[in-house]
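In case you want the letters, here they are:
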Amino acid sequence: MTVDHPVSRSAVPYQFDNHVFPTPSTQLETLTPSAAANLASFQAYLRSSKRILALVGAGLSASSGLPTFRGTGGLWRNYDAMELATPEAFSNDPSLVWQFYSARRAAALQAMPNKAHYALAELAKRMPDFLTLTQNVDGLSTRANHPPNQLLHLHGSLFSLKCTSFYCDFQEDNHFTHPLTPELAIASEISAPYAHIPLSGLPHCPKCHTGLLRPGVVWFGEALPWRAVKAADDFISAGKVDLILVIGTSGTVYPAAGYVDRIRMQGGKVAVFNIDIDDSEGEDDFPEMEPERSYANRTKWTFEGDAAEWVPVALEPIIGPIEVQEGSDGERFNLAVGRSDD
Ligand code: BJW
């Protein structure tokens, strides 16, 4: 659906049907010898790691059916992310921006956490010195029961609401009602067409009764939540981080992307899980060495493919096998974790 709208010159908003679909699970059953050596080398280092950080992005939730922002299958395929994820866009056209976020709230509510969300939650339960920094606003890590004290939301949440009035401090978290107003029911589907909603039909503050509410996400040019940034800094300052898992993120948005270099500069190693590894990321650190020595000395591992497939496999020596089953109410549970705590 092409929408002609003043905010965007190239707009095809709400055309989010180009998801990145998960690669078939058979990808891991046919590992080449070098891929198996890569995995074994990573797992050996993982077992020896005491302090681990994960930086996750939209690709983590791709196989849950939620579109990513950039690249193939990008959320804003013909639309620049900067155009909607800014305070200016909201101020210019709150109706457009609210419909965009309303559709994403609906999609996130319908989505289920995948095996990678559960695997990270399980790692957190088994390793007190494991911390996940998520750029995602979809709430899926929380719904996979990731321990909240080991999960920092750098870019806020689709399910937080804030009053835009300068004079009002209203903020509410975990607000899962959809639609937020009867008028926003038209934006309940990811491909819903755009229709202008007057200001009176958009969510207003229940405290001051005058201010317009906005989604509690971090837009370009806005500061990240200071508590989350401080907690991340404290974790990094408390001791060397042995390993950072970089999962499903393009690493293009700062300051989040900067954590990878900070860990490398401390001497920590990096493991990248992405459906699309570019040539420079895949480079062997020691290409001239024979394979065994090369793998033993690696400072970086890459796992190309669906994070929902790779992450549970890569973490298996610590967390055991992850099996996800759906409950009668449609919610999913991580039922079988085979490794005992001996
Ligand atoms: C798969 C997969 C599968 C697919 N399996 N993988 C330093 C240098 C340059 C610029 C800056 C800088 N520091 C700050 C800036 C400016 C700016 C910035 O970074 N700009 C860049 C674009 C250059 N940063 C900011 O403005 C930040 N604020 C700030 O710095 O404030 C300073 C300040 C201080 C004090 C006072 C005031 C201000 C704020 C950034 C906020 C970002 N917000 C968004 C929107 C959130 C709300 C929403 O969701 O709508 O966050 S933008 C968007 O990008 C969203 C994401 O969290 C973020 C990152 O995207 P992500 O997650 O990496 O997704 P994609 O789509 O990019 O990548 C997906 C990846 O998954 C791809 O690689 C795929 O291949 C892969 N994939 N399927 C595995 N199945």
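In this text, all values refer to a predicted model and were calculated from it rather than measured experimentally.

A. Representation of the state of the cysteines within the structure. Summed over all chains, the structure comprises zero disulfides. Left unpaired, Cys205 is separated from the closest cysteine sulfur, that of Cys168, by 3.7 Å. The buried category is assigned to Cys205, whose relative accessible area is 3%.

B. How the structure looks around unusual backbone geometry. A cis amide bond, omega -5°, links His178 with the succeeding residue Pro179. Looking at the secondary structure, you find Pro179 in the loop between β5 (171-172) and β6 (213-217). Residue Pro255 is bonded to the preceding Tyr254 through a cis peptide linkage, with omega at 5°. Within the fold, Pro255 resides in the loop between β7 (243-247) and α8 (258-265). The backbone of Asn145 sits at a positive phi, close to 65°, despite the residue not being glycine. Take Asn145: it is sitting in the loop between α6 (140-143) and β3 (151-153). Its relative accessible area of 51% is what places Asn145 among the exposed residues. Its identity as a non-glycine residue notwithstanding, His209 has a phi of 65°, on the positive side. Secondary-structure assignment places His209 in the loop between β5 and β6.

C. Quick look at the sheet that holds β3. Taken together, the six strands give an open sheet; going across it, the order is β3-β2-β1-β7-β8-β9, and neighbouring strands pair in parallel fashion. Two strands in the sheet have a free side with no partner beyond their single neighbour: β3 and β9 (300-304). Neighbour-to-neighbour, the strand axes of this sheet turn through a mean angle of 15°, independent of strand direction. Where strand β1 (residues 52-56) meets β7, five bridges bridge the pair, whose relative direction is parallel. Residue pairing in the sheet places Ile52 in a bridge with Leu243 of β7. Along the sheet face, α8 touches β1, β2 (130-134), β7, β8 (269-274) and β9 and points at about 155° away from the line of β7.

D. Expanded view of the site of the ligand. In the region of the ligand, 35 residues are neighbours, and Tyr101, Thr249, Ser250, Tyr254 and Asn274 sit closest. The separation between an oxygen atom of the ligand and a polar main-chain atom of Ala58 is 2.8 Å. Protein contact buries 75% of the 1,500 Å² of open area that the ligand shows by itself. Classifying every residue of the shell around the ligand gives 18 nonpolar, 12 polar and five charged.

E. Local environment of the packing of aromatic side chains. Tallying each qualifying case throughout the model produces 11 aromatic pairs. For the ring pair Phe42 and Phe303, a centre distance of 5.3 Å and an interplane angle of 75° mean the geometry is edge-to-face. Here Phe42 is found in helix α1 (residues 33-48), whereas its partner Phe303 is found in strand β9, with 261 residues between them in sequence. For the pair shown, Phe42 and Phe303 are each scored as buried. Among the aromatic residues, ring-to-ring pairing joins Phe42, Tyr45, Phe273, Trp301, Phe303 and Trp310 into one connected group.

F. Summary view of the packing of helix α5 (residues 115-126) against helix α10 (residues 307-319). Close contact between α5 and α10 brings their axes to 8 Å; oriented N to C, the two are set at 25°. Comparing the axis directions of α5 and α10 gives the class roughly parallel. At the point where α5 passes α10, the crossing takes the left-handed sense. Across the interface between the two elements, Lys115, Ala116, Ala119, Leu120, Glu122, Leu123 and Arg126 from α5 touch Ala307, Ala308, Val311, Pro312, Leu315, Ile318 and Ile319 from α10. Taken together, the residues of the contact of α5 with α10 break down into 11 nonpolar, no polar and three charged.

G. How the structure looks around the packing of α1 against α10. Look at α1 against α10: their axes get within 8 Å of each other, and the N-to-C directions meet at 50°. With respect to α10, the element α1 is oriented oblique. Taken as a pair, α1 and α10 cross one another with a handedness that is right-handed. Together, Leu39, Phe42, Gln43, Leu46 and Arg47 of α1 and Trp310, Val313, Ala314, Leu315, Pro317 and Ile318 of α10 make up the contact between the two elements.

H. Quick look at the pairing of strand β4 (residues 156-163). Where burial is concerned, most of β4 is hidden: seven out of the eight residues are buried. Looking at chain direction, β4 and β6 are connected through four bridges and run antiparallel. Note on β6: the bridge partner recorded for Leu161 is Pro215. When β4 meets β5, the two strands line up antiparallel, connected through two bridges. Among the inter-strand pairings, Leu161 is bridged to a residue of β5, identified as Glu172.

What counts and how
- Residues numbered from 1 in each chain as written.
- Predicted model: local features only at pLDDT ≥ 70, side-chain atom pairs only at ≥ 80, totals over all residues.
- Heavy atoms only, no water.
- Disulfide = S-S within 2.5 Å.
- Buried < 20%, exposed > 50% of the residue type's maximum accessible area, 1.4 Å probe, protein only.
- Helix = DSSP H or I, 4+ residues; strand = E, 2+ residues; numbered from the N terminus.
- Pairing = 2+ DSSP bridges.
- Axes fitted to C-alpha atoms, helices over the stretch in contact; angles between N-to-C directions.
- Contact = heavy atoms within 4.5 Å.
- Near = heavy atom within 4 Å.
- Polar contact = N/O pair within 3.5 Å; in protein donor to acceptor, adjacent residues only side chain to side chain.
- Areas by Shrake-Rupley, 256 points an atom, 1.4 Å probe, with all protein chains shown as cover.
- Nonpolar A, V, L, I, M, F, W, Y, C, P; charged D, E, K, R; others polar.
- Phe/Tyr/Trp six-rings, centres within 6.5 Å; stacked < 30°, edge-to-face > 60°.
- Parallel < 35°, antiparallel > 145°, perpendicular 65-115°, else oblique.
- Left-handed = near helix turned anticlockwise from the far one by under 90°.

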